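Secondary and tertiary structure notes
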Amino acid sequence: MTYLIGLLSVVFLVLAIMIVNKSMALSKGIQKDSESEVPVDGANNLNAVGMVLFLVLGSIGAAWSFLHSQPDFLPVAASEHGLITDRMFWISMGIITFAFFVTNALLFIFAFRYRWKKNNVAVFYPVNHKLELIWTVIPAIVMAVLVFTGWRTWRDITSKAPENAVVIEVTGHQFGWYVRYSGNDDSKLGNYNYKLIDDTNNIGIDYTDQNSFDDFTANEMHIPKGVPVLLKIHAQDVLHSVYLPYQRVKMDAVPGMPTKFWFVANKSTEEMRYELGKADFNYKLNCTEICGRGHFGMAITVFVDEPEDYAAWCKQQKPFLTQNPTYLAKVPENLKAKAGKYIEAAAPADSSTAETEAAPVAGTSSALR
Amino acid sequence: MATAELHAHDAHAHAHDEHEHHELGFIQKYVFSEDHKTIAKQYLITGIIWAFFGGGLSILFRLQLGFPDMNLEWLRPLLGGWIDESGKLDKEFYLALVTMHGTIMVFFVLTAGLSGTFSNYLIPLQIGARDMASGFINMLSFWFFALASVIMFSSLFIETGPASGGWVIYPPLSALPQAMPGSGLGMTLWLTSMAFFIVSQLMGGINYICTIINLRTRGMSFTKLPLTIWSFFFTAILGLLSFPVLLSAALLLIFDRSFGTSFYLSEIYIQGEALPNMGGSPILYQHLFWFLGHPEVYIVLLPALGITSEIIATNARKPIFGYRAMIGSMMGITLLAFIVWAHHMFITGMNPFLGSVFMFLTLIIAVPSAVKAFNYITTLWKGNIIFTPAMLFSIGLVSLFISGGLTGIILGNSALDINLHDTYFVVAHFHLVMGAASFFGLMAGVYHWFPKMFGKTMNRTMGYIHFWCTFVGVYCVFFPMHYIGIAGFPRRYYSFTALANDAQNSFTDLNMFISIAAILTFSSQLLFALNFFYSIFKGKRATQNPWNSNTLEWTAPIELGHGNWEGEIPAVYRWPYDYSKPGSASDFIPQNVPFSATPESNLPEENEEIAKEKEIEGLLETQNGVYNH
């Protein structure tokens, strides 16, 4: 509503300027003929005043709207690299806001100050190399500093993931995300192949690779807090983009070209709930590359758990093979014995599958406590 | 007085008029015309029509974003099935609107409408040529554009809808008809239209370059060219080198779509089917696309900056500050424009090392851009500023260029781009710096050269109102949009329901505000249209040089015939920015006034130029020879 009032006042201001403008033009209309050589009309001073008015009101509007919107910005980053980029963002914002106000102020004040006056003569001032040098070098230095700091941060963020990183595979498809974990036994993701995709094995897990046997999938994402997490990102059909706004993580998912992004989440879901004062808050993983009709709704819930909660959650998860024993048929003969373990382990507990299947769905970090 | 002498000179020149004035038929005069002035007007009017369409589409999706609960049933007579049963905009049509708005605005309005209009109109008139190097190719250029326009326009009316994959049409989304309906016939038409559009741009660009190099009047050396011409020159070079790359990207996409190749496709499983395509790379398309896509930003912006330089100098009654620095910075921007494309791709999975390189190159562009901004501001300093509508739009352009350009420093930083990429921050950034700024350049140019184009004047008061509504409106629309971006709202979202923390409930006021501001800004353009079309027919008759400007076009008659000047083309002796020269009685000395006629205001080095005037006059024979084939 406040915005509407703001808008209306702007509209009325413009209307007021228009009316004064018109009347001035009419009153000066009589004198205009003697000045026919110079293309100036009675509105010249008003337009000049408009420049300053725009500067003043615009600056107030910019400052006010910023303060008004600030509570709705993303909260402090919930990842280690995010804290660094956030700080860099606000420092850069400070620099450009300074430049924004100074240059715009000069522009509008000069426009007002040097408006046309009869008998005034403009200064013939075609060049000043010293001035030009100054305003070439100063931006160049500022840019050099920004580039250097930005490059160092970028290099760190995109460096190779640490050895101990928890590997999680995210696969984008129209319109959702599949998440696969490397399992509780070998912590290695098995291969996948898009040609193996079917209605059940919708990631295309390759069961000729023994690393696949203990991999489990989920329709939500759990990540441990304070531990490096490496996202291995795929897309099945068209481009998608993994976006974790609160963790400042973004990386495209490209069909045929695996991508990756590693980061350390440093605020659990619980902590963020506490910080925001919202008991039902959940992190989301959204899509930021246009992918079709359902693009805007392509999201899954993300839980950042304390490491021990995460470990407990993982323990509860049953490998995909356990839940879908028919895929044992895809396992080559020499590995059948190894894969069989995952089937046999589940066989006696057949009655409990309902329970284990329910677990991931209800498995919020709070539920684990 | 120098000007008085000039007029006498013109009158004398009439005697030399040897041009046969055979009347052209209607079709040759107004439809398939080879006259650069008519072609320019054709571009302009087509561009204005497109601008209303492109703008209108944005109003439709702003309704969805600003008033997500509004019942749009009343639009059914216009949109038919694109309004779903619940009275909301269809989700795919929303994407189609976004896509077509981008395509139309970037290519059909700001490339063809801006550069097509003013390059065509001003190059021959400002360099002193009778027409373009090839009038026929120039005519073809417009008609290829018209053909592209018709095809693009027709794609709005097909059952499966127009292209909907974003104006960048990234494959595989754009390559696979099963991915979205817009990728069917709509995309085929989009690609066909763009292929013709590129052909049109290439023919135009070749003409601009040839004309500027070959047909300058005697005495018009490169260092005496108005900055408008320099900007059109660089724009044409950019277009000539980068549009073919877009054509190749489009051709490969056409092959992937229709002939089973796999340039961009690999390992795709869609709609329950694994496609056979292997080995292609969607990233390849992005590289090819942005190799045009980024220069395109400057193709759109540079002409606007050139137009602004001319208008600001004229109306501040001061020489443009740092003429050579302005050329140098435009040259720098032109060169850098070719080697920064991958800053659009920091998070596509491209090698991070490449990201570092492109970040470095990208931020260098800030330097020439800053030089330009400071030079504009210094040109205003101690001027005697006349606020014509054109001048207002030019000052507005500088403000928008600064405000939008500054956020580029943040987005060009790959580490910061991670969070901001594909959010509203980007949308706000490029709409200010490239959309609104270029649009302001277009408007400034129309107001400034309207008297030359149509021999009539536009109503100035309406021009002022148009400016203030547009200027305030544009800032109201795009300034607050940055906030939505900082809050992490992705672009091309139909609604924000899937964001964490119930984000769809924040910024509802702001989104509504933006939509209302957009509607008002758009509506105020009707004022311009009214003024424009009314003045063409009923405007007050213009004087020959209404803004007391120095450049050559104002020495041509008010009613411009074919060949532009009756009698000899004027020679050029000085640069175009001799405004308020100390010693001179008049506050402007046109380019065709020799230094020997202005001993009172000549600088010491200019007195030496007097000796060269004979030499320049001696070139008349050669120059006439060019036209006597």
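All of these numbers come straight from a predicted model, not from anything done at the bench. Sequence order sets the numbering: in each chain, residues are counted from 1 along the sequence as written. All chains are assigned letters beginning at A, and all ligands numbers beginning at 1, according to the order in which they are written. The predicted nature of this model means local features are confined to residues of pLDDT at least 70 and side-chain atom pairs, given and counted, to a pLDDT of 80 or more, with totals for whole chains, interfaces and linings taken over all residues.

**Describing the overall build of chain A**
- Helix and strand definitions follow DSSP, with helices as H or I runs of at least four residues and strands as E runs of at least two, each counted in order from the N terminus. Helix and strand content of chain A: 10 helices and 10 strands.
- Any residue whose C-beta has 12 or fewer other C-beta atoms within 10 Å is treated as exposed, any with 20 or more as buried, and any in between as partly exposed, C-beta atoms being built from the backbone. The buried share among the 369 residues of chain A stands at 42%.
- Contact between two residues is assigned whenever their backbone-derived C-beta positions fall within 7 Å. Sequence-distant contacts in chain A: of pairs separated by 6 or more residues, those separated by 24 or more amount to 68%.

**Remarks on the UniProt feature "domain: Cytochrome oxidase subunit II transmembrane region profile" (unreviewed entry) in chain A**
- UniProt positions are given in the numbering used here, feature names are shortened, and annotations may be inferred rather than shown by experiment. With numbering aligned to this structure, UniProt lists the feature "domain: Cytochrome oxidase subunit II transmembrane region profile" (unreviewed entry) at residues 65-161 of chain A.
- Regarding residues 65-161 of chain A, the helix share stands at 70% and the strand share at 0%, and the terminal C-alpha atoms are separated by 40 Å.

**Here we look at the UniProt feature "transmembrane region" (unreviewed entry) in chain A**
Residues and elements named next belong to chain A.
- The positions UniProt marks with the feature "transmembrane region" (unreviewed entry) are residues 49-67, 88-113 and 133-151.
- Helix makes up 100% of residues 49-67 and strand 0%, with an end-to-end C-alpha separation of 27 Å.
- For residues 88-113, the helix share is 100%, the strand share is 0%, and the end-to-end C-alpha distance is 37 Å.

**Quick notes on the UniProt feature "domain: Cytochrome oxidase subunit I profile" (unreviewed entry) in chain B**
- In the numbering used here, UniProt assigns the "domain: Cytochrome oxidase subunit I profile" (unreviewed entry) feature to residues 26-555 of chain B.
- For residues 26-555 of chain B, helix accounts for 67% and strand for 2%, while the C-alpha atoms at its two ends are 27 Å apart.

**Some words on the sheet that holds strand β9 (residues 283-287) of chain A**
All names here are of chain A.
- By this definition, two strands are paired if DSSP reports at least two bridges between them. Taken together, five strands build an open sheet; the order of strands is β4-β10-β9-β6-β7 and the sheet is mixed. With partners counted over all chains shown, the strands left at the sheet margins are β4 (221-224) and β7 (249-253), one partner each. Neighbouring strand axes in the sheet, compared pairwise and without regard to direction, differ in orientation by 25 degrees on average.
- Sheet analysis places strand β6 (residues 240-244) next to β9, joined by two bridges and oriented antiparallel. Counted as the bridge partner of Tyr243 is Asn286 from β9.
- For helices, the fitted axis covers only the stretch in contact; all axes are lines through C-alpha atoms, and the angles between them, taken along N-to-C directions, range from 0 to 180 degrees. Seen against the sheet, helix α6 (residues 307-316) touches β4 and β10 (300-305) and runs at an angle of roughly 135 degrees to β4.

**Here we look at the nonpolar core**
- Core membership is restricted to buried Ala, Val, Leu, Ile, Met, Phe, Trp, Tyr and Cys residues, and these are joined into a nonpolar core through C-beta atoms within 7 Å. Formed by 297 residues in total, the largest nonpolar core has its most connected members in Val242 of chain A together with Ala437 and Phe440 of chain B.
- Take this core: its biggest share by element is 22 residues, from helix α5 (residues 91-127) of chain B.
- If near-sequence neighbours (up to four positions away) are discounted, Phe440 of chain B is found in contact with Ala304, Phe393, Gly396, Leu397 and Leu400 of chain B.

**A word on the environment of Asn207 of chain B**
All names here are of chain B.
- Mapped onto the secondary structure, Asn207 falls in helix α7 (residues 185-214).
- Here Asn207 falls in the buried class, since 26 other C-beta atoms lie within 10 Å of it.
- As for Asn207 and Thr348, which are separated by 141 residues in sequence, their C-alpha atoms are 37 Å apart.
- Not counting residues up to four positions away in its chain, the partners in contact with Asn207 are Met132, Ala133, Ser134, Ile137, Asn138 and Ser141.

**A short note on the sheet that holds strand β3 (residues 216-218) of chain A**
All names here are of chain A.
- The strand order across the open sheet built from five strands is β3-β2-β1-β5-β8, with neighbouring strands paired in mixed fashion. Lying at the two open borders of the sheet, with one neighbouring strand each, are β3 and β8 (259-264). Taken pair by pair, the neighbouring strands of this sheet meet at an average axis angle of 25 degrees, ignoring direction.
- Note: strand β1 (residues 166-173) against strand β5 (residues 228-235), seven bridges, orientation parallel. Across the sheet, Ile168 pairs through a bridge with Leu231, a residue of β5.

**Some points on the domain arrangement of chain B**
Residue and element names in this part refer to chain B.
- What the domain assignment lists for chain B is domain 1 (33-264) and domain 2 (563-627).
- The domain boundaries here were taken from an automatic or database domain assignment. Between domain 1 and domain 2, the C-alpha centre-to-centre distance is 40 Å.
- Counting from both sides, the interface comprises 11 residues of domain 1 and, opposite them, 17 residues of domain 2.
- Charged residues are taken to be Asp, Glu, Lys and Arg, nonpolar residues to be Ala, Val, Leu, Ile, Met, Phe, Trp, Tyr, Cys and Pro, and polar residues to be all remaining types, Gly included. Grouping the amino acids of the side of domain 1 that touches domain 2 by side-chain chemistry returns five nonpolar, three polar and three charged.

**Section: the packing of helix α13 (residues 389-411) of chain B against helix α16 (residues 460-478) of chain B**
Residues and elements named next belong to chain B.
- Between α13 and α16, whose axes approach to 9 Å, the crossing angle comes to 10 degrees. One element, α13, and the other, α16, form an angle in the roughly parallel class. Along this stretch, α13 crosses α16, giving a crossing that reads as right-handed. Residues Pro389, Leu392, Phe393, Gly396 and Leu400 of α13 lie in contact with α16, whose contacting residues are Arg460, Gly463, Tyr464, Phe467, Phe471 and Val474. Reported orientations rely on four angle classes, namely roughly parallel under 35 degrees, roughly antiparallel over 145, roughly perpendicular from 65 to 115, and oblique for the rest. By definition, turning the near helix anticlockwise from the far helix through less than a right angle yields a left-handed crossing, and turning it clockwise yields a right-handed one.

**A word on the pairing of β6 of chain A**
All names here are of chain A.
- Counting buried positions along β6 gives five out of five residues, so the element sits mostly inside the fold.
- Taking every second residue as pointing to the same face, both faces of β6 are buried, with His240, Val242 and Leu244 on one and Ser241 and Tyr243 on the other.
- With five bridges connecting them, β6 and β7 associate as antiparallel partners. Following the sheet pairing, Val242 is matched in β7 by Met251.
- With antiparallel pairing between neighbouring strands as the criterion, β6 and β7 make up a hairpin whose turn holds four residues, including Arg248 at a positive phi of roughly 55 degrees.

**Here's the deal with α5 of chain B**
Residue and element names in this part refer to chain B.
- Here α5 is 37 residues long and its end C-alpha atoms lie 51 Å apart, about the 54 Å a rise of 1.5 Å per residue gives.
- Helix geometry: α5 is bent most strongly at Met105, by close to 30 degrees.
- A large share of α5 lies buried, amounting to 36 of its 37 residues.
- Just past α5, the residue Gly128 takes up positive phi, approximately 80 degrees. Under the convention used throughout, the expected extent of a helix is 1.5 Å for every residue step, that is, one less than its residue count. Fitting axes to the seven residues ending at a residue and to the seven starting there, one defines the bend at that residue as the angle between these axes.

**Let's talk about the confidence of the model for chain B**
Residues and elements named next belong to chain B.
- Summary of the metric used: pLDDT quantifies the predictor's per-residue confidence within the range 0 to 100. Considering every residue of chain B, the mean pLDDT works out to 92; 96% of them sit at 70 or more.
- A low-confidence stretch, residues 1-20 stays under pLDDT 50, and its non-local contacts, those more than four residues away or across chains, total 22 contacts.
- Listed scores for the predicted complex are pTM 0.91 and ipTM 0.92.

**Description of the packing of helix α4 (residues 129-157) of chain A against helix α11 (residues 352-364) of chain B**
- Where α4 of chain A contacts α11 of chain B, the axes come no closer than 10 Å and their chain directions differ by 165 degrees. What the angle tells us is that α4 of chain A and α11 of chain B run roughly antiparallel. Along this stretch, α4 of chain A crosses α11 of chain B, giving a crossing that reads as right-handed. Mapping the contact onto sequence places Met143, Leu146, Val147, Gly150, Trp151, Trp154 and Arg155 of chain A in α4 of chain A and Pro352, Gly355, Ser356, Met359, Phe360, Leu363 and Ile364 of chain B in α11 of chain B.
- Its residues assigned to classes, the contact of α4 of chain A with α11 of chain B shows 10 nonpolar, three polar and one charged.

**Some thoughts on the environment of Gln247 of chain A**
All names here are of chain A.
- Relative to the helices and strands, Gln247 is located in the loop between β6 and β7.
- The exposure class of Gln247 is buried, given the 26 C-beta atoms found within 10 Å.
- It is 8.3 Å that separates the C-alpha atoms of Gln247 and Phe263, two residues lying 16 residues apart in sequence.
- Residues in contact with Gln247, not counting those within four places in the same chain, are Ala78, Ser79, Gly82, Phe263 and Ala265.

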